[in-house]
Amino acid sequence: MKNVLITGGAGFIGSNFIRYLLKAEPDVQIINIDALTYAGSLANLEHLPDNTRHTFIQGDICDSVFVERIVEQYQVDTIVHFAAESHVDRSIAGPTPFIQTNIVGTFTLLQAAYNAWGKSENKNDFRFHHISTDEVFGSLLPDSPTFTEITPYDPRSPYSASKAASDHLVRAYYHTYGLPVTITNCSNNYGPYQFPEKLIPLIILNALQGKHLPVYGDGKQVRDWLYVEDHCDAIHLVLKKGKLGETYNIGGENQPTNIEIVNMICAILDELKPASLPYASLIQYVSDRPGHDRRYAMNIEKIKQELNWSPKHTLANGLRETVEWYLLNIDWVNLIMSQNNYQNWLNKKYQNQEEIK
Ligand code: NAD
Ligand code: DAU
């Protein structure tokens, strides 16, 4: 691993991974390409541990000329592919960019990787790592067994369908052309630098502003929560020791309901930033997400057994660290909220949400 191309490195997980990798691998050079959509920001890349080993280039992964040029110019030997449209609600409101970036973008990148690998003198050192999601497996019933790496795909939103398509393409390049790939499917990430449209930052930031805390439907949907630093640790391990062509599930070993998560955040805020009323009094049940998946839960035995990885954060300490980070980084929050019409998008979304009594 010498010249590592990170796609989507100005987003939430990508920027955390860049921070992680600069510390973990003192000799790597990182080339970070990101289109800087509404979800990406250079503010996520401030205060990197070693900026001299990080080069940011703005560009679109669907642009084959651009991607081929970068891969060649920087003699890329490792690609870690985070770039995607990632928000389920936005995929319901407007699926087009999801199809474009998640499917066409992944295809464009695979093609560039295949060309570079073909010309490479060190073919054995080349790697394409793809970041995927637990959502490709669909929705679990309350007592169904957890998702394993061989659970059949059953995506149910435009977002998860586009991610499933990209996973299939990555596997196709391994089986058809022998491109050295690995894939990880992870559960819901949370932690520093997460864009405020996702549940955990949204609840923290709405609570601090005294706004209602929107819980979709009955709030009993179950998610598996993974602290982003644990995720970075797992990706790094898969890059170093993962078997080619294999998929590894990554999860946080906890499966609370959404309403439990919201109440946990409120309790932490009550302690760290007490207000006149308990924050939980702001909870409002609102109309449900169309096609809302009921339950995700990851079986992570494979990565535990084969690579000796386990999450280091419990949900309680990960959530506390996250709330503390947002409280300490209000300047970052204000900057992000002021960019790319986020507030308008949020207001429009709230107009379509009806309170459920
Ligand atoms: P994010 O939305 O915060 O960041 C995505 C980044 O990709 C942004 O910086 C954006 O500007 C960039 N991007 C989008 N379209 C692009 C394009 N066409 N060309 C170049 N860059 C483009 O997403 P995230 O939460 O950091 O997720 C990263 C990856 O992890 C995604 O592939 C997502 O599907 C996957 N994932 C995320 C989670 C989660 O909980 N956040 C869980 C499972 C899997
Ligand atoms: O499971 C992994 C996926 O997690 C990733 O693949 C996606 O990229 C990522 O966005 C995330 O998707 P979710 O839809 O699970 O995340 P979100 O934070 O939007 O929602 C988490 C849960 O909270 C979900 O059940 C919907 C619910 N929710 C969300 C919001 C924004 C609410 O109840 N109220 C809200 O306002």
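Residues numbered from 1 in each chain as written. Chains lettered and ligands numbered in written order. Predicted model: local features only at pLDDT ≥ 70, side-chain atom pairs only at ≥ 80, totals over all residues. Heavy atoms only, no water.

**Quick word on the sheet that holds strand E3 (residues 54–58)**
Point 1. The seven strands are arranged E3-E2-E1-E4-E5-E6-E10 in an open sheet whose pairing can be described as parallel. Here the strands that pair on one side only, and so sit at the sheet edges, are E3 and strand E10 (247–250). Ignoring strand direction, the axes of neighbouring strands in this sheet form an average angle of 20°.
Point 2. Sheet topology places strand E4 (residues 78–81) next to strand E5 (residues 127–133); four bridges connect them, and they run parallel. Residue pairing across strands places His-81 opposite His-130, the latter belonging to E5.
Point 3. Packing against the sheet, helix H1 (residues 12–24) makes contact with strand E1 (3–7), strand E2 (29–34), E3 and E4, and its axis sits at approximately 175° to E2.
Point 4. Lying over the sheet, helix H7 (residues 228–241) contacts E4, E5, strand E6 (181–186) and E10, oriented at roughly 145° with respect to E5. (Pairing = 2+ DSSP bridges. Helix = DSSP H or I, 4+ residues; strand = E, 2+ residues; numbered from the N terminus. Axes fitted to C-alpha atoms, helices over the stretch in contact; angles between N-to-C directions. Contact = heavy atoms within 4.5 Å.)

**Considering the packing of H1 against H7**
Point 1. Following both chains from N to C, one finds H1 and H7 inclined at 60°, their axes separated by 9 Å at the closest point. In terms of orientation, H1 and H7 fall into the oblique class. The chirality of how H1 crosses H7 is right-handed. From H1, Phe-12, Ile-13, Asn-16, Phe-17, Tyr-20, Leu-21 and Ala-24 reach across to H7, where they touch Val-228, Glu-229, His-231, Cys-232, Asp-233, Ile-235, His-236 and Leu-239.
Point 2. Broken down by class, the residue content of the contact of H1 with H7 amounts to 10 nonpolar, three polar and two charged. (Parallel < 35°, antiparallel > 145°, perpendicular 65-115°, else oblique. Left-handed = near helix turned anticlockwise from the far one by under 90°. Nonpolar A, V, L, I, M, F, W, Y, C, P; charged D, E, K, R; others polar.)

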